[in-house]
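Examining the three-dimensional arrangement
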Amino acid sequence: MAPTPNTKDMANAIRALSMDAVQQANSGHPGAPMGMADMAVALWGEHLRHNPANPNWANRDRFILSNGHGSMLIYALLHLTGYKLPITELKNFRQLHSKTAGHPEFGITPGVETTTGPLGQGITNAVGFALAEKLLAKEFNREGHAIVDHHTYVFMGDGCLMEGISHEAAALAGAWKLGKLIALYDDNGISIDGQVAPWFIDNTAQRFVAYGWNVIGPVDGHDAAAVSAAISQAKAGTDNRPTLIISKTHIGKGSPNRANTSKAHGEPLGAEEIKLTREAIGWSHAPFVIPKEVYADWDAKEKGKAAEAAWNDKFAAYKAAFPELAKEFVRRMKGDLPKNFVQTAVDTVISAHQKGETVASRKASQLALESFTAALPEMLGGSADLTGSNLTNTKSTPNLRFDALTGDVVTNEAGQGGRHINYGVREFGMAAIMNGVALHGGYIPYGGTFLTFSDYSRNAIRMAALMKLRVVHVFTHDSIGLGEDGPTHQSIEHAASLRLIPNLDVWRPADTAETAVAWTVALQNKAKPTALLLSRQNIAYAAKCDSAAAPDASGIDSISKGAYVLSEPSDVGLKKKTQAVIIATGSEVQLAIAAQKVLAERKIAVRVVSMPSTTTFDLQSTEYKASVLPAGVPRIAVEMGSTGGWWKYGTAAVVGLDTYGESAPAPVLFKHFGFTPENVADTVQAALTRKV
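As a starting point, this report considers the structure included with it. The structure presented is a predicted model; accordingly, all values stated were derived computationally and were not measured.

Spatial ordering of the open sheet is given by β16-β18-β17-β19-β20, a layout of 5 strands whose pairing is mixed. The sheet is open, and its two borders are formed by β16 (564-567) and β20 (653-655), each paired with just one other strand. Averaged over all pairs of adjacent strands, the angle between their axes in this sheet comes to 30°, without regard to strand direction. Relative to β20, strand β19 (residues 635-638) is paired through 3 bridges, and the arrangement is parallel. In the strand pairing of β20, A637 is matched with V654.

So, in structure tokens, the structure goes:
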């Protein structure tokens, strides 16, 4: 790409739209898009393979703006290249219900691949995108038929590199030899607090070389030809290393008084400075006015249409040669479950019910996974260095490995690659990479760690919920029941805090059948992530009462409502009207059943409700809720964790834990903290006494 007046005007169009939109909104970040404009010309003007008419084309290149505060860059690019993002949307930048939110949002704006804003997560999502591309290519491509063959490009800034998650992500990208991942670093040396030099002294180039990346530059980020040449060099690489292109830029490029200052970062330039900037860059057009010839230079519709048409022809040939593979690829990319999924789920739950095994719910999860991973090749598992504890591996999911020399996916005798990822001690990175895998399509990612360490990955979990992604978090060691490791590892507030995240489905199953149902629901949750909270200690199987449907198709439906009647007074020999309801989750369901028997001996009739998912139960009809939790009957909740969330159910008392745990064997802790049948029974009886 030789520098021409055209490339200069193309870049200045981005600068003008960015400063105009921020000024009109009186809010935003003009500096980053103004500084990255020439980098964008290089990538989007020459290299990026995409089709504005079909933002979801399967083999498009993916572009992620990791430094999402510079959102006007991507909005300007989408508008200029021909996406359905009219100038009116740019004029509504940062306004209610516009498609141009303050930070790019997946599912809102056509062409936006992921929601970015929390720095560091965009580059980490990109690692997930690139991993998914590499694994799908290995799984579906055949000689002469490369239907999965695209790049993942990322723009990122100093803030992304300062965030610790970028270390986790970049290290894994190097280990996995993601050669089609190309990151362009906007090295402008400025953040909100000013020049970053006093607090950001990393040698970024050496850092990424140490990760196993190919590093190009520094190059002049305002020389579109130089950036384009660097991208070409990265694409031509044959060693399967991801590439970092260090691009030296000036934040607020073109602004006479704000360039190279933190003032350009997060506030409008002001009318006078915009006027001066227009003069300085030679842009004489009114706000939001782009000349026809500049639109023509940017227009990617015909080029994109031709690129997709060529791929469609290639896919047609692939389909003719490998019809079953083609059908499977389409299904996987659509995110549809296999036709036999329902039967697989029913069989899994029935098997669990019939066996009635006493196992930890983490083991129950693995038992369910054995069935589901065998039936669903799209399930891509992993663990943050706790596989033997999380039990996320199965016979169908050998460890994912890459050849040290070629970077190719290592396969077994059947030509199949691994489907279980050793993420190392990188909980946050794992969670955000899983988001990228889910966004790319073709896989349903799940990953494990201890529930206490959900704190590390919480913001990525929140982003999955915000983006409505099917991602499954397997959180084991869910209570003081893990015992001697003590309060640093014992979850207290974590279940309650996860339940507060909108659109996150949280399950704490009580036995093998409930765990199988939880996995069934999680896999069917096409538009929300799921957190499974699982025990370290063994849990006896909870026999289902006559009023609870047996775990067949209807039983799955009953349990999948999030709460159901597990045991009535008649199940323990009392033919009396229910006097109280004990609500319990997870391992505490057995405690509730034991307390029910103690109360029966005291001639107190109690119903036991198992509530594996409060988040699911809360979505049920008023009628169903009333059938499970009848009005006028005292309710007592039992859970080894924070009590705050239980009062919304009108509970008369909660047997919970609002202090940190202790280091001791689990049985000792249960007694110490009052998680005994007698204490639960006494609590119920006290509540009834108060009612009288």
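With that settled, the discussion passes to a positive patch on the surface. Positive charge collects at one region of the surface, where R49, K235, K303 and K314 lie side by side. Structurally, K303 is set in helix α12 (residues 301-321).

What follows covers the packing of helix α5 (residues 121-140) against helix α13 (residues 323-334). In the contact formed by α5 and α13, the axes pass within 11 Å of each other and the chain directions differ by 160°. In terms of axis orientation, α5 runs roughly antiparallel to α13. As for how α5 packs across α13, the hand of that crossing is right-handed. Listed contacts from α13 to L136, E139 and F140 of α5 are L325, E328, F329, R332 and M333. The residue inventory of the contact of α5 with α13, partitioned by class, reads 5 nonpolar, no polar and 3 charged.

Another aspect to go through is the sheet that holds strand β12 (residues 472-476). Pairing in this open sheet of 6 strands is parallel, and the strands run β10-β9-β11-β12-β14-β13 from one edge to the other. What marks the edges here is a single partner per strand, and that holds for β10 (420-422) and β13 (505-507). Neighbour to neighbour, the strand axes of the sheet diverge by 20° on average, direction disregarded. Bridge count between strand β9 (residues 379-383) and β10: 3 bridges; the pairing is parallel. Paired with G382 across the strands is I421, a residue of β10.

This part takes up the pattern of salt bridges. For the coordinates displayed, the defined rule picks out 26 salt bridges. K334 is paired through a salt bridge with D336; the nearest N and O atoms lie 3.6 Å apart. Here R508 makes a salt bridge to E588, at a shortest N to O gap of 2.5 Å. Remark: E588 occurs in helix α22 (residues 588-601) and R508 occurs in the loop between β13 and α20 (512-524); sequence separation between them is 80 residues. Assigned by exposure class, R508 and E588 land together as buried. One continuous salt-bridge network, built from bridges that share partners, spans E139, E328, R331, R332 and E378.

The omega torsion across G217 and P218 is 10°, close enough to zero to call that bond cis. Summarising the element assignment, P218 is placed in strand β6 (residues 214-220). Positive phi values are uncommon outside glycine, yet K468 reaches one of about 60°. Position of K468 relative to the elements: it lies in the loop between α18 (454-467) and β12. For H477, which is not a glycine, the phi torsion comes out positive at approximately 55°. Taking the relative accessible area as the measure of exposure, H477 reaches 5% and is therefore buried.

What counts as what
- Residues numbered from 1 in each chain as written.
- Predicted model: local features only at pLDDT ≥ 70, side-chain atom pairs only at ≥ 80, totals over all residues.
- Heavy atoms only, no water.
- Pairing = 2+ DSSP bridges.
- Helix = DSSP H or I, 4+ residues; strand = E, 2+ residues; numbered from the N terminus.
- Axes fitted to C-alpha atoms, helices over the stretch in contact; angles between N-to-C directions.
- Patch = residues over 30% accessible without salt bridge, like charges linked within 9 Å, V, L, I, M, F, W, Y side chains within 5 Å.
- Areas by Shrake-Rupley, 256 points an atom, 1.4 Å probe, with all protein chains shown as cover.
- Salt bridge = Lys/Arg side-chain N within 4 Å of Asp/Glu carboxyl O.
- Lys, Arg positive; Asp, Glu negative; His and termini not counted.
- Charge placed at Lys NZ, Arg CZ, Asp CG, Glu CD.
- Parallel < 35°, antiparallel > 145°, perpendicular 65-115°, else oblique.
- Left-handed = near helix turned anticlockwise from the far one by under 90°.
- Contact = heavy atoms within 4.5 Å.
- Nonpolar A, V, L, I, M, F, W, Y, C, P; charged D, E, K, R; others polar.
- Buried < 20%, exposed > 50% of the residue type's maximum accessible area, 1.4 Å probe, protein only.

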